[in-house]
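This is what each chain is made of:
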Protein chains: 2
Amino acid sequence: MTQPTHRVGEASWDAWGDPAHAVSLTESQRDLIGRVLGAAPDDTPGRTAEPDLRLPPAALPEPARAALAEAVGAAHVDTGAAARVRHAGGKSTPDLLRRRAGDVAGAPDAVVLPADHDEVAAVLAVCAEHGVAVVPFGGGTSVVGGVEPLRGAFPAAVALDLRRLDRLVAVDGTAGTATLQAGLRTPEAEELLGAHGLTLGHQPQSYDYATIGGYAATRSCGQSSTGYGRFDDMVVSLRAATPRGTLDLGRAPSSAAGPDLRRLLLGSEGAFGVITEATLRVRPLPEARHDEAWTFPDFAAGAEALRALAQSGVRPTLVRLSDEQETFVNALLAGQEAAPGCLAVITHEGGSEQAAAVRALTAQTLRRAGGGELGAEPVARWRGDRYLAPYLRDALLDAGVLAETLETATTWSGLHRLREAVTEALTGALTSGGGAPLVLCHVSHVYPEGASLYFTVAAAAGRDPLDRWRAAKRAAGDAIAACGATITHHHAVGTDHRPWMEAEVGTLGVEVLRAVKDTLDPAGVLNPGKLIPERS
Amino acid sequence: MTQPTHRVGEASWDAWGDPAHAVSLTESQRDLIGRVLGAAPDDTPGRTAEPDLRLPPAALPEPARAALAEAVGAAHVDTGAAARVRHAGGKSTPDLLRRRAGDVAGAPDAVVLPADHDEVAAVLAVCAEHGVAVVPFGGGTSVVGGVEPLRGAFPAAVALDLRRLDRLVAVDGTAGTATLQAGLRTPEAEELLGAHGLTLGHQPQSYDYATIGGYAATRSCGQSSTGYGRFDDMVVSLRAATPRGTLDLGRAPSSAAGPDLRRLLLGSEGAFGVITEATLRVRPLPEARHDEAWTFPDFAAGAEALRALAQSGVRPTLVRLSDEQETFVNALLAGQEAAPGCLAVITHEGGSEQAAAVRALTAQTLRRAGGGELGAEPVARWRGDRYLAPYLRDALLDAGVLAETLETATTWSGLHRLREAVTEALTGALTSGGGAPLVLCHVSHVYPEGASLYFTVAAAAGRDPLDRWRAAKRAAGDAIAACGATITHHHAVGTDHRPWMEAEVGTLGVEVLRAVKDTLDPAGVLNPGKLIPERS
């Protein structure tokens, strides 16, 4: 078992990620935003300093605190303000707006830091016995309310921070798998795997902070999903602690021994148990990488090209297509002259003959579909910025701009109707006297049968940005459900998508989820208020 | 909606498949078997004629019969002997041995043939209300007891035969999907898809009889799984009737909206509900096919070559490797001189540049791993016989030979230990005074992390072949479990693998399955005695 030598630092409590990476807008960018969106920072509530926060006293009953201290050691039950504030929720725009406004009333009553699987199990037992809600916390990057410390029916909640589960447990070079503990952040996991010449190849925008356990619990999907697969597909086996005991699932790469119960834990969002380690498919570190940008006359032509590629079975490592608006705005932000059409980003990893063949076949398919090659430069730009967009959001919030993202997926035949419906819903809900919102869209994950759509929205924040976003999100979610698409392709459910879970899986599907939860978590202490709609 | 013009005929009641395809052994083959295995037909119980069967009277209570007739029409509730005998169970060797011996005591009390989803739902409601066990029946090809009409706690059982759900409901050419009803046998489904220039590419040995619904319910895996994927991977959405209502699952190719509940129905073996239709990934009919056989010095070298191929991401359509014994016996059966080493069968479909590239890369990988090309002829031979092995089993049973198969899967690193352990277990259990059994093995499904192992066993049947096989199966299953491998890669659980389900998914995993069943089938009428171990 090895541990990383470089640790990811603590993220900001009221902004995305590392405070050292915060960006600010230039005067002219702020002017432009004011003109285009009608946004003005003065309209918008300001930012509260940490010492001025109104943090309620910790309400953890003493017997529960003592039992938790017994389970993990007193040093690992933190009721201090700094820890509680940093576990007050995730990183959605509503989360940040609330925290900037000084609202940390929902912060957990303690942060508990178990060292291993058995300590996680012990914490769950204590919480079940004492009636304390327990909210698993990995990187804290949820943008759907997944780590909000809701109490449910209980008087107190603890955040179960998994950062001490930070070991590479085993590498099986023959099978091409590695067993990683749940609390490892991606850079830490990649450091440990890199020492063996291996990589996971999982690169979501939350890369710097998100954890192995979080990826599994939320069915994460990284930017290189075309080549490496979604996180789901990487999981050979996993281990979870529940209040009823331990689940060890997965005895072969593939099986017909009843339903695949691994898939019941993947996406369970801490409501069924706490995933403590996973054995994952890993790959050799790529010897080489080839980036290429492509341009298409319009989004429809680009989507057709991606469909042809996905259905041909040729799989580049990374495939991404921006629509006309996103292509235009990205060029503008980079200080480039915006060309017409849509930009696609393609990456090929590996130095083998096979990688060369895939590259040639990809180029042939895209060219036949009307694409034109633009070289590597636009990809280098995209790559340099790809984990930074959330920092830009903080700067936009400062400038009176409500900026947020949402995503969905559907079949290729439903893609354009879905894009139009969501764009229309967001535009309708966010158009005000001041101006219309910007609604940008891209495809970032492709399958033979369909693709994801990822929307980025910017609008004047106004006096009540929380209310504005709530209305826009509701309109977009209803449009997605009406199109028969999925409410989320890779952000998960949390609190924010719960209203659409019945539309997604049906009343009976929800009952099945409840039955599984009642079996594994009879006291109902695990992450209350997430994933599964309340009984009506 | 279209229906097939050519229907698959009724299978034999006491043998595999089409009576017209029955084979018999030559005198010299029988002599050889006698010498090698010590088998003698005279030792073994003979075969009972259909009119001599001791079929108990149908025990379906009249109110239940009347309600079923109301649900599906009186013509579609068949209590006749011919129908009951033909739904008395599946096609494992123990199944056939029992039926050959005249034992059809377990035949269902009626065969019910609903026309569509709503009639399936109505049948389930009647059975739940009247306390009648209901056993979904597709192609009847289960080799693990999956369609055995066990009564559970109920006085009667009906077989729910899905053959009238035989429609192609929809084709989405853009998404590359087709919606097929559950009762379609593969040749029927392929006829309907072929009219659109499409194919499913799913080719298990049970191809001629097995159904779409059966494939989904048992997590089937076809011979071309390397190119087309397992059946699980083809399912975009599915519809199931349960006693508690309908489940419609799957709204996009991929989603993060909680656990993938499609995967809970896949592999549910009729214990949670009856799958009535599925929307599946389909592909264009291949323009061309290229077959090539390869030889490797031994099984270890061949397995290493397959591992290199699977981990490189290069995917031929079909990959298969016989061990030394299987290679030898197959050559003997074909009247060829047996060459040393192991034979691998590789197939590439598609006439595109991409198929050519995959073919070249495959050859390069196999050559580097020590393989030698043998041309297409051995593949043509294998292909000609590939659905016929079960007919040979009937001839072997006639000749006093106990012949059966079993399969498992594990990681590449565990493959050889698993093969040795299972071979040893089978050999130990089946060696008698007369001689040692033949134990043949092949890899037929490969993944980056591991592969399946498929064993074919032939031994002298002796006076009680059922008992002999029971002991051998128990020894093999225990060896598989002890190796940490899966008890089944594609045969499913049924009754025969139930003793190892707790080893496979743990006590808590079994409880989860029970909780799901109790939610969807509170009366417990759905396929009792399968998949989920009894409460102890």
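What you are looking at is a predicted structure, and each value in this text was computed from that prediction instead of being measured.

(A) Layout of the sheet that holds strand β17 (residues 438-443) of chain B. All names here are of chain B. As summarised here, the arrangement of the seven strands in space is β15-β12-β14-β13-β17-β18-β16, forming an open sheet in which the pairing is antiparallel. The open sheet has two edge strands, β15 (372-375) and β16 (401-411), and neither has a second partner. Pairwise comparison of adjacent strand axes, ignoring direction, gives a mean angle of 25° for this sheet. Taken together, the eight bridges between strand β12 (residues 289-296) and strand β14 (residues 342-349) define a ladder with antiparallel strand orientation. Paired with Trp294 across the two strands is Ala344, which belongs to β14. Contacting β16, β17 and β18 (450-460), helix α1 (residues 27-37) runs over the sheet at an angle of about 100° to β18. The strands that helix α14 (residues 377-385) touches are β12, β13 (318-322), β14 and β15; relative to β12, the one it contacts most, it runs at about 110°.

(B) Examining the sheet that holds strand β3 (residues 133-137) of chain A more closely. All names here are of chain A. Taken together, the four strands give an open sheet; going across it, the order is β1-β2-β4-β3, and neighbouring strands pair in mixed fashion. Edge strands, defined here as strands with exactly one partner in the open sheet, are β1 (77-78) and β3. Here three bridges tie strand β2 (residues 110-112) to strand β4 (residues 157-161), and the two strands are oriented parallel to one another. Its bridge partner being in β4, Val111 is matched across the sheet by Ala159. Here helix α5 (residues 117-130) sits on the sheet in contact with β2, β3 and β4, set at roughly 175° to β4.

(C) Main features of the domain arrangement of chain A. Residues and elements named next belong to chain A. What the domain assignment lists for chain A is domain 1 (48-161), domain 2 (168-284) and domain 3 (288-385). A straight line from the C-alpha centre of domain 2 to that of domain 3 covers 28 Å. Opposite the six residues of domain 2 that make contact, domain 3 presents eight residues. For the pair domain 2 and domain 3, the two sides together bury roughly 580 Å², of which 48% comes from carbon and sulfur. Contact with domain 3 buries area across many residues of domain 2, yet Gln223, Thr226 and Tyr228 alone supply 74% of it, more than any other trio.

(D) Seen up close, the packing of helix α16 (residues 415-430) of chain B against helix α17 (residues 465-482) of chain B. All names here are of chain B. Two elements in contact, α16 and α17, have axes separated by 8 Å at closest approach and are oriented at 155°. Judged by the inter-axis angle, α16 sits roughly antiparallel to α17. Crossing geometry of α16 relative to α17 is assigned as right-handed. Together, Leu418, Ala421, Val422, Ala425, Leu426, Ala429 and Leu430 of α16 and Arg468, Trp469, Ala471, Ala472, Ala475, Ala476, Ala479 and Ile480 of α17 make up the contact between the two elements.

(E) Summary view of the UniProt feature "domain: FAD-binding PCMH-type" (unreviewed entry) in chain A. The UniProt feature table records "domain: FAD-binding PCMH-type" (unreviewed entry) at residues 104-285 of chain A. Annotation note: span residues 104-285 of chain A, helix share 23%, strand share 26%, distance between end C-alpha atoms 42 Å.

(F) Examining the environment of Asp18(B) more closely. Residue and element names in this part refer to chain B. The residue Asp18 is located in the segment before α1 in this model. With relative accessibility at 26%, the residue Asp18 sits in the partly exposed group. For the pair formed by Asp18 and Asp208, sequence separation is 190 residues and the distance between their alpha carbons is 9.3 Å.

(G) Representation of the packing of aromatic side chains. This structure, assessed with the given rule, holds four aromatic pairs over all chains. Between Tyr207(A) and Tyr387(A), the ring centres sit 5.0 Å apart and the planes meet at 5°, which makes this aromatic pair stacked. With Tyr207(A) in the loop between β7 (198-199) and α7 (212-218) and Tyr387(A) in the loop between α14 (377-385) and α15 (389-398), this pair connects stretches of sequence that are 180 residues apart. As far as the burial class goes, Tyr207(A) and Tyr387(A) line up, both buried. Pairing Tyr215(B) with Phe231(B) gives two aromatic rings, centres 5.3 Å apart and planes at 45°, and the pair type is tilted. Remark: Phe231(B) occurs in helix α9 (residues 231-234) and Tyr215(B) occurs in helix α7 (residues 212-218); sequence separation between them is 16 residues. Neither Tyr215(B) nor Phe231(B) differs from the other in exposure class; each is buried. Its end group placed over the ring of Phe299(A), Arg419(A) keeps NZ or CZ at 4.2 Å from the ring centre.

Procedures and definitions
- Residues numbered from 1 in each chain as written.
- Chains lettered and ligands numbered in written order.
- Predicted model: local features only at pLDDT ≥ 70, side-chain atom pairs only at ≥ 80, totals over all residues.
- Heavy atoms only, no water.
- Pairing = 2+ DSSP bridges.
- Helix = DSSP H or I, 4+ residues; strand = E, 2+ residues; numbered from the N terminus.
- Axes fitted to C-alpha atoms, helices over the stretch in contact; angles between N-to-C directions.
- Contact = heavy atoms within 4.5 Å.
- Domains from an automatic or database assignment.
- Buried area = accessible area lost by both parts, 1.4 Å probe.
- Parallel < 35°, antiparallel > 145°, perpendicular 65-115°, else oblique.
- Left-handed = near helix turned anticlockwise from the far one by under 90°.
- UniProt positions renumbered as here; feature names shortened; annotations may be inferred.
- Buried < 20%, exposed > 50% of the residue type's maximum accessible area, 1.4 Å probe, protein only.
- Phe/Tyr/Trp six-rings, centres within 6.5 Å; stacked < 30°, edge-to-face > 60°.
- Lys NZ or Arg CZ within 6 Å of the ring centre and 35° of its normal.

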